[in-house]
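# Commentary on secondary and tertiary structure
The lines below spell out each chain.
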Amino acid sequence: GIQVEQSPPDLILQEGANSTLRCNFSDSVNNLQWFHQNPWGQLINLFYIPSGTKQNGRLSATTVATERYSLLYISSSQTTDSGVYFCAVAHTDKLIFGTGTRLQVFP
Amino acid sequence: DVKVTQSSRYLVKRTGEKVFLECVQDMDHENMFWYRQDPGLGLRLIYFSYDVKMKEKGDIPEGYSVSREKKERFSLILESASTNQTSMYLCASSFPHRVAYNEQFFGPGTRLTVL
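Residues numbered from 1 in each chain as written. Chains lettered and ligands numbered in written order. Predicted model: local features only at pLDDT ≥ 70, side-chain atom pairs only at ≥ 80, totals over all residues. Heavy atoms only, no water.

### What about the interface of chain B and chain A?
Selection rule: Contacts between residues were defined by any pair of non-hydrogen atoms, one from each residue, lying within 4.5 Å. Put simply, buried area is how much 1.4 Å-probe accessible surface two parts lose in total, over both of them, once they are put together. Any Lys or Arg side-chain nitrogen found within 4 Å of a carboxyl oxygen on Asp or Glu counts as a salt bridge. What qualifies as a polar contact is a pair of N or O atoms within 3.5 Å, subject to a donor-acceptor requirement within protein and to the restriction that residues adjacent in sequence count only when both atoms come from side chains. The way it works is that DSSP assigns letters per residue, a run of H or I at least four long becomes a helix, a run of E at least two long becomes a strand, and they are numbered from the N terminus. Three categories are distinguished: nonpolar for Ala, Val, Leu, Ile, Met, Phe, Trp, Tyr, Cys and Pro, charged for Asp, Glu, Lys and Arg, and polar for the others, with Gly belonging to the last.
Between chain B and chain A, the residue contacts involve 21 residues of the former and 18 residues of the latter. Summing both partners gives a buried area of about 1,600 Å² for chain B against chain A, and 52% of it is carried by carbon and sulfur. For the pair chain B and chain A, the number of links is 0 salt bridges. Connecting chain B to chain A are 7 residue pairs in polar contact (both at pLDDT 80 or more). At the level of elements, β4 (31-38), β5 (42-49), β9 (87-94) and β10 (104-106) of chain B are the ones that each hand at least two residues to the side of chain B that touches chain A. A breakdown of the residues in the side of chain B that touches chain A according to their chemical character gives 12 nonpolar, 5 polar and 4 charged.

Here is the structure:
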């Protein structure tokens, strides 16, 4: 089956720092989503980005489908950005999740 | 905004009990999904449904069943709860019909503990 790998697994930042999270996948996909899971477990949709670049405030994402990767950029990080970030790819009829990047932002 | 709600945030049950987890979405989505999330194993698909009274097995359906009597509601049933079903359960919905790879929206999750 398709493999979805995220890096780094853990990231510790000070408030105000920038970061880049990576998602690699091993096969062609129909869809790619980025989620933020907050400390209470809620998965919050960040981007639906099968290809190209999107921006939403301090966050932006780029997917290069032909090279099978996606990047999530967080600029000027805040403590509320803490949590786990997942990418998920749609392959055939299922959404396959990566193992996540755990981000901790300290004041 | 899409809203997906789940009946309980936390639930504690005893081994052997029948457990119902309810999920409701308010956006008229045809597709609904149940996942469980465990440390080190990530999110895994249990069951999904593309329409009322339809269901399809995901990757780990054993020990679970589902019910979809109304379009907006998708229930996950643990017929006889066991301790290895202690987990975080997440419900999701998407649109349009049968296009599972469109954007999925998740509920807040139910943390189930089976004693």
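### Thoughts on the state of the cysteines
Short version of the rule: Any cysteine sulfur atom paired with another within 2.5 Å is treated as part of a disulfide. Burial classification: accessible surface area is computed with a 1.4 Å probe over protein chains only, and a residue below 20% of its type maximum counts as buried, one above 50% as exposed, and the rest as partly exposed.
Considering all chains together, one arrives at 2 disulfides over all chains under this definition. With its sulfur 2.0 Å from that of its partner, C23(A) forms a disulfide with C87(A). Because the sign of the S-S torsion sets the handedness, a value of about 70 degrees for the bond joining C23(A) and C87(A) places this disulfide among the right-handed ones. Of this pair, C23(A) sits in strand β3 (residues 19-25) while C87(A) is found in strand β9 (residues 83-91), placing the two residues 64 residues apart along the sequence. Relative accessible area serves as the criterion here: at 0%, C23(A) is assigned to the buried category. C87(A) gets classed as buried once you look at its relative accessible area, which sits at 0%. One disulfide bridge connects C23(B) with C91(B), the sulfur atoms lying 1.9 Å from each other.

### Points about the sheet that holds strand β3 (residues 19-25) of chain B
Residue and element names in this part refer to chain B. Our working definition: What makes two strands pair is DSSP finding at least two bridges between them. What counts as an axis is a line fitted to C-alpha atoms, over the stretch in contact for a helix, and the angles between N-to-C directions run from 0 to 180 degrees.
Strands sit in the order β1-β3-β8-β7 across an open sheet of 4 strands; the sheet is antiparallel. Of all the strands in the sheet, just β1 (4-6) and β7 (64-70) have a single pairing partner and so form its edges. Pairwise comparison of adjacent strand axes, ignoring direction, gives a mean angle of 20 degrees for this sheet. In terms of strand pairing, β3 meets strand β8 (residues 73-78) through 6 bridges, oriented antiparallel. Among the inter-strand pairings, C23 is bridged to a residue of β8, identified as F74.

### Thoughts on the environment of V29(A)
Residues and elements named next belong to chain A. Secondary-structure assignment places V29 in the loop between β3 and β4 (31-37). Expressed as a C-alpha distance, the spacing of V29 and T79, which sit 50 residues apart in the sequence, is 32 Å. Here V29 is in contact with I2, V89 and A90, once residues within four sequence places are set aside.

### Observations regarding the side chain of H36(A)
All names here are of chain A. The residue H36 is located in strand β4 in this model. A distance of 3.5 Å separates a polar atom in the side chain of H36 from the backbone oxygen of D81. The contact partners of H36, leaving out residues within four places of it in the chain, are Q42, L43, I44, L46, T80, D81, S82, G83, V84 and Y85.

### Things to note about the environment of P39(A)
Within the secondary structure, P39(A) is located in the loop between β4 and β5 (43-48). Once the C-alpha coordinates of P39(A) and V84(A) are considered, the two residues, 45 residues apart in sequence, prove to be 8.2 Å apart.

### Brief notes about the pairing of β5(A)
Residue and element names in this part refer to chain A. The pairing of β4 with β5 spans 5 bridges and is classified as antiparallel. Within β5, the residue paired with Q33 across the bridge is Y48. In this antiparallel pair of consecutive strands, β4 and β5, the connection spans 5 residues, and G41 shows a positive phi of 100 degrees.

### Observations regarding the pairing of strand β7 (residues 59-64) of chain A
Two faces make up the sheet, and in a regular strand the side chains alternate between them. All names here are of chain A. Most of β7 sits out of view: 6 of its 6 residues are buried. Residue alternation in β7 divides its side chains into two sets, L59, A61 and T63 and S60, T62 and V64, and both sets are buried. Here strand β6 (residues 52-56) hands over to β7 after 2 residues, with G57 in that stretch at a positive phi of 65 degrees. Of the pairings in the sheet, the one linking β7 to strand β8 (residues 69-74) comprises 6 bridges and is antiparallel in character. Bridged to L59 within β8 is I74. The antiparallel hairpin formed by β7 and β8 contains 4 residues in its connecting segment, where R68 sits at a positive phi of about 60 degrees.

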